[in-house]
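Now for the letters of each chain:
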Amino acid sequence: MIEVDQLVKRFGAVTAVDGLSFAVRPGHVTGFLGPNGAGKTTTMRVILGLDTPTSGTARVNQQSYHELVRPLHQVGALLDATALHPGRTAEAHLLSVAQSNGIARHRVTEMLQLTGLESVANRRVKGFSLGMKQRLGIAVALLGNPPVLMFDEPVNGLDTEGIAWIRQFFKDLAADGRTVLVSSHLMSEMAQTADRLIIIGRGRLIADTTTAQLIESSTRKDVLLRTPRAAEMVTLMEARGATVTKQDDGGLAVTGLDAPAIGDLAAEHGIAVHALIPRTASLEDAYLDLTGESVDFRAAAS
Amino acid sequence: MTAPAVPLTVRARDVLVSEWTKLRSVRSTHWTMLVAVVTPIGLSALVAVTLANTPRNGPAVDPLLPGLLSLEYAVLAVGVLGVLAFSTEYSTGLIRTTFASVPRRRAVLAAKAAVIGAVTLVAGELVAFVSFALVQAVLSRRHLSVSLSHPGVAGAVLATGLLMFVVATMGVGLGAIVRHTAGGIAALVGLIFLPAILGLLPAPWGGRVGRFTLLDAARQVTALHPATNLFAPALSLLVLLSWPAVTLLVAALMITRRDA
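Let us look at the structure shown here. (Residues numbered from 1 in each chain as written. Chains lettered and ligands numbered in written order. Predicted model: local features only at pLDDT ≥ 70, side-chain atom pairs only at ≥ 80, totals over all residues.)

Attention now moves to the environment of Ile163 of chain A. All names here are of chain A. Relative to the helices and strands, Ile163 is located in helix α5 (residues 160-175). Overall, Ile163 belongs to the partly exposed group, with 17 C-beta atoms counted inside 10 Å. Distance in space between the C-alpha atoms of Ile163 and Glu189 is 9.5 Å, their sequence separation being 26 residues. Setting aside residues no more than four positions away along its own chain, Ile163 makes contact with Val155 and Leu158. (Helix = DSSP H or I, 4+ residues; strand = E, 2+ residues; numbered from the N terminus. Buried ≥ 20, exposed ≤ 12 C-beta atoms within 10 Å, placed from the backbone. Contact = placed C-beta atoms within 7 Å.)

Written as C-alpha cells, this is what we have:
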C-alpha cells in the first residue's frame, strides 16, 4: 500500500508535484501515467525518501520511508537502471545491496536466475545492454521479497521478448497480492500491463480509475463507412437520426447508428458498401484527451 | 505488517559489510592501494639514498623525513579513493539505490569513512614501518640511522602511518559534500596545499598560521625533532585529526538536507 497525500514538491520556481493525492492498493498492477515531466519520477523519489517534499506526505505500509527498518524487505524500486558503478560485476552489485539490508546471499543467486542474468553474473556492468541493466534493476528491487514494488519506465530498452516477460511478471507479482506501481508515459504500454491507472499532468492528479472504466468512459465510439455513393448515404443516415462527419480520406464517421443498421440501410437502397468498421476510441486517444490540456498549458507557458 | 526488531549494531554491521563489498569489488580500489603502498616505499628508499650521499658538513637532517616526504604524494592517491566513494555514486545515480536501501544517510557516510579509514590505516602503517626499516637500513651505512627504540621514534613512525587515514577519510567527507569527482579532488588538493602557502608567511605569522595547516601538523607529529614555532606534537595530532573530523561533520550535516 502506497499513500500519497497532498504532496507538493518545488524545485526553486518550478513546481514538479502540485498537491497530489492517491493510493496504490495491493493486488493490482497500477499504471502511473503522465507525459514526460508530469512529476512521476519526483513522486516516486519522494515515496522512497530520496527527495524531501515541500509539503504533504508519502507513506508506505502506513509508515514514512525514513521509519522503515531494512526498507528493502518492504519496498523494492527500480528508478534508473543505468545507475550502476560500471566497474562492478552484476553479482557484486546485488550482493552489496543485499548486505545493506541483511538479505541472505542465496537471494542474490536466486534473483540472478529469475532475471536470467546468471551467465553474466561475474561480468562488469559496463558491458551490459540497457535491457540487461533493466533486468539487474528488477533483481535489486526483488531482493528483499517486498510487498510493495515501484518501477519507473521499466520497459525502456527491453526487446519484444523482454517486454512480454516483464508484463507477465508484473501481473504475477500483483496476483501474489503485492502492490505494484509502474510508471510510463505511454498509454499503449499501460493498457496492456495495468488494470488500474493513476494519470497525472503537471504534477496534478487527472484521473484515478481502472483501465476498463477509462475505455468505457471515452465518448468516442463511431462507425467508419466507405461507399462510392457517399452523398446518398449521408442523406439516408441523417434521416434516421445519425450524425455524419466526412473524413479527409472520403470515409464517413457515423454516430447514432450502429454498423448493422447502416449495413441494412445500404442494402435496402442497393448501395455498395466498401467498408463498415465499428470503432472505439483507443486508450491512447482517451489518454491524450485527458492529458492534452495539461500538455498544451505547459507548452503555452514555456 | 510489523517489521522484526533489528538491533542497531546489526544494522550498522550490515552497512559496513555492504560498503566493504562495494570498495573491494571495483578494480580502481586495488590499483589505488597498490600505488599508495608501493610508491612511497620506493620513494623513501630513493630519498634515503640521496640523503646518505649528501656531504656530512651539510645541515642536520631528520632521519624520519624520507618516510614522510614520500607519503605526501601517496596520500593524494588514497584521498582520491576517498572522494570517489561518494562522487561515483552521485555521478552514476547509484546513490539513490544506496539511500533507498539505507535511509539513514549518516550511517552510509560513517560506514564509508570507517571502511576506507580501516583500509588506509592498515596500509599507511604498513608503508610507514616498511619505509622506516628501509630508510634506516640505507642510512645506517653512514651512521645516520635511528632505532625504533630511540625515544619518540616509534610514535613518529606510527603518526606517519596515520596520514593516509587522515587524507582518505577527509576525501570521503569532501566527496559527500561536493558530489563531483573533479570538484572533490580539487577541494582535497586545495585544502591540503593551499593553506600550506600560509605557512610560508614571514615569521612569526608563518608559524602562527602554519601550525593549523594539515601539512605542518603532519610534519610536526612525524618529526623526530619537532619545530619550536608550531604546536607541540600532541596538539598537532589533534589539529591533524580535526581536518577529517570537521570535513565529515560538515558532510553529515549536508547529506540529510539535500535531495539525492
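One can find Gly201 of chain A in strand β9 (residues 196-201). Counting along the chain gives 166 residues from Gly201 of chain A to Pro35 of chain A, while the straight-line C-alpha distance between them is 6.6 Å.

Right, let's get into helix α3 (residues 65-92) of chain B. Residues and elements named next belong to chain B. Here α3 is 28 residues long and its end C-alpha atoms lie 41 Å apart, about the 40 Å a rise of 1.5 Å per residue gives. Along its length, α3 reaches its greatest deviation from straightness, about 40°, at Leu84. In terms of burial, α3 is a largely internal element, 20 of the 28 residues being buried. Of the residues one or two after α3, Gly93 is the one with positive phi, at around 90°. (Expected span 1.5 Å × (residues − 1). Bend = angle between axes of the 7 residues up to and from the residue.)

To continue, consider the sheet that holds strand β2 (residues 14-24) of chain A. As a general point, the strands of a sheet are linked pairwise by backbone hydrogen bonds and lie either parallel or antiparallel. Residues and elements named next belong to chain A. Strand order in the open sheet formed by 4 strands is β2-β1-β4-β5, with antiparallel pairing between adjacent strands. Sheet topology places β2 and β5 (63-64) at the edges, where each strand pairs with a single neighbour. Strand direction decides the pairing type here: strand β4 (residues 55-60) and β5, joined by 2 bridges, are antiparallel. Counterpart to Val60 in the pairing with β5 is Gln63. The strands touched by helix α1 (residues 40-47) are β1 (2-11), β2 and β4; relative to β1, the strand with the most contacts, the crossing angle is about 115°. (Pairing = 2+ DSSP bridges. Axes fitted to C-alpha atoms, helices over the stretch in contact; angles between N-to-C directions.)

Turning next to the sheet that holds strand β14 (residues 275-280) of chain A. All names here are of chain A. With antiparallel pairing, 4 strands are arranged side by side in an open sheet as β12-β13-β11-β14. Looking at which strands have only one partner, the edges of the open sheet turn out to be β12 (243-246) and β14. Neighbour-to-neighbour, the strand axes of this sheet turn through a mean angle of 25°, independent of strand direction. Pairing of β12 with strand β13 (residues 252-255) involves 4 bridges; the strand directions are antiparallel. Of the residues in β13, the one forming a bridge with Val244 is Val254. Helix α8 (residues 230-239) contacts β11 (221-226), β12 and β13 of the sheet and is inclined by roughly 10° relative to β13.

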